[in-house]
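Coordinate inspection notes
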Amino acid sequence: MVSSSSSIACIAVMSFMVLMSTTPSSAFTLNKDICSNTKVLSRSFCSKFLGSNPVVIKSLLLSLAEATIDVTSSNATKTSQLIIKWQNQTDNPQLKNAISLCPRPYSEAITDLKEAKEKVRSGDYVALQRAVVDASIKFHVCEEKFEDTPPDPSPLCSTSGELAAISSILIAVSEFLVKSYK
């Protein structure tokens, strides 16, 4: 079993990272924002309960995974729909070529994220991990297409980097699920 302090720290850091990437004002920590506001329980009991109860930890991790997949998938879908527009807005042939190489990896990454969501729900955490690693690699593929090009005025390169970074959060969550709930 994972120690309560490391569980709380892990959950709080992951929750903070995901929530900060979506709505900065809603980030919270279990100990400060939840346990300090309990009326009946002591803060230490609350921390121990939330940090050592496998059902609570697993529930938080699964919710975190699903929410992060939803945000990543939504952002990837919106970006994918704008790729052709960005390609048409540039006159630079190197940029046109780099942008033209991104629709397929994005489409495949979105498919990987759909699979990841199914795997969260089915409890197949090894397949979840594989799917989020695959999605992350595909976002990196698009980002790498811009390495030898002039600066891209579209947000495609930076968005691909952000999606790869968010995917790394999913990888960390999936690794924890595989290790703890196999």
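Residues numbered from 1 in each chain as written. Predicted model: local features only at pLDDT ≥ 70, side-chain atom pairs only at ≥ 80, totals over all residues. Heavy atoms only, no water.

Our focus in this paragraph is the overall build of the chain. The secondary structure content of the chain amounts to eight helices and zero strands. Counting over 182 residues, the chain shows a buried share of 40%. Intrachain contacts of the chain at a sequence separation of at least 6 include 70% that bridge at least 24 residues. With an accessible surface of roughly 9,700 Å², the chain has 57% of that area assigned to carbon and sulfur atoms. (Helix = DSSP H or I, 4+ residues; strand = E, 2+ residues; numbered from the N terminus. Buried < 20%, exposed > 50% of the residue type's maximum accessible area, 1.4 Å probe, protein only. Contact = heavy atoms within 4.5 Å. Areas by Shrake-Rupley, 256 points an atom, 1.4 Å probe, with all protein chains shown as cover.)

All chains considered together, the criterion is met by one disulfide. Here cysteine 102 is linked by a disulfide to cysteine 142, with a sulfur-sulfur distance of 2.0 Å. Judged by the sign of its S-S torsion, about 95°, the bond between cysteine 102 and cysteine 142 is right-handed. Of this pair, cysteine 102 sits in the loop between α5 (93–100) and α6 (103–122) while cysteine 142 sits in helix α7 (residues 125–144), and the two are 40 residues apart along the sequence. In this structure, cysteine 102 and cysteine 142 share a single accessibility class: buried. Sulfur of cysteine 157: no disulfide; nearest cysteine sulfur belongs to cysteine 142 and is 7.4 Å away. By relative accessible area, cysteine 157 is classed as partly exposed at 24%. (Disulfide = S-S within 2.5 Å.)

The next point concerns the pattern of salt bridges. If the charged atoms of two oppositely charged side chains come close together, the side chains can form a pair. Per the counting criterion, the structure on display carries five salt bridges. The residue glutamate 66 makes a salt bridge to lysine 117 at a minimum N-O spacing of 4.0 Å. Of this pair, glutamate 66 sits in helix α4 (residues 54–89) while lysine 117 sits in helix α6, and the two are 51 residues apart along the sequence. According to the relative accessible area criterion, glutamate 66 is partly exposed, its value standing at 22%. (Salt bridge = Lys/Arg side-chain N within 4 Å of Asp/Glu carboxyl O.)

All right, on to the nonpolar core then. Counting residues in hydrophobic clusters, the biggest one holds 37 residues, and the most contacted among them are Tyr106, Leu128, Phe139, Phe146 and Leu156. Contributing elements (two or more residues each) for this core: α4, α5, α6, α7 and α8 (156–180). Considering each element in turn, this core owes the most residues, ten residues, to α8. Each residue touching leucine 156, except ones within four places of it in the same chain, is listed here: Thr79, Ile83, Trp86, Ile99, Cys102, Tyr106, Cys142 and Phe146. (Core = buried A, V, L, I, M, F, W, Y, C linked by side-chain atoms within 4.5 Å.)

With that settled, consider α6. Residues three or four positions apart in an α-helix share a direction because the helix packs 3.6 residues into each turn. The end-to-end C-alpha distance of α6 is 29 Å, a good match for the 28 Å that 20 residues give at a rise of 1.5 Å each. Three or more residues of α6 are buried, namely Pro105, Tyr106, Ala109, Ile110, Asp112, Leu113, Ala116, Lys117 and Val120. Buried residues of α6, viewed axially, fall in a sector of 160°; they line one side. What points out from α6, more than 90 degrees from its buried face, is the exposed set Arg104, Lys114, Glu118, Arg121 and Ser122. Contact partners of the buried residues in α6: α4, α7 and α8. One or two positions beyond α6, positive phi appears at glycine 123, with a value near 85°. (Expected span 1.5 Å × (residues − 1). Arc of directions from axis to C-beta.)

Below, the discussion takes up helix α3 (residues 43–52). Along α3, the residues classified as buried are Cys46, Ser47, Leu50 and Gly51. Down the axis of α3, the buried set is contained in an arc of 110°. They therefore lie on one face.

To continue, consider the environment of glutamine 81. Relative to the helices and strands, glutamine 81 is located in helix α4. The class of glutamine 81 is exposed, set by a relative accessible area of 60%. Here the alpha-carbon distance between glutamine 81 and tyrosine 106, two residues 25 residues apart in the chain, equals 9.8 Å.

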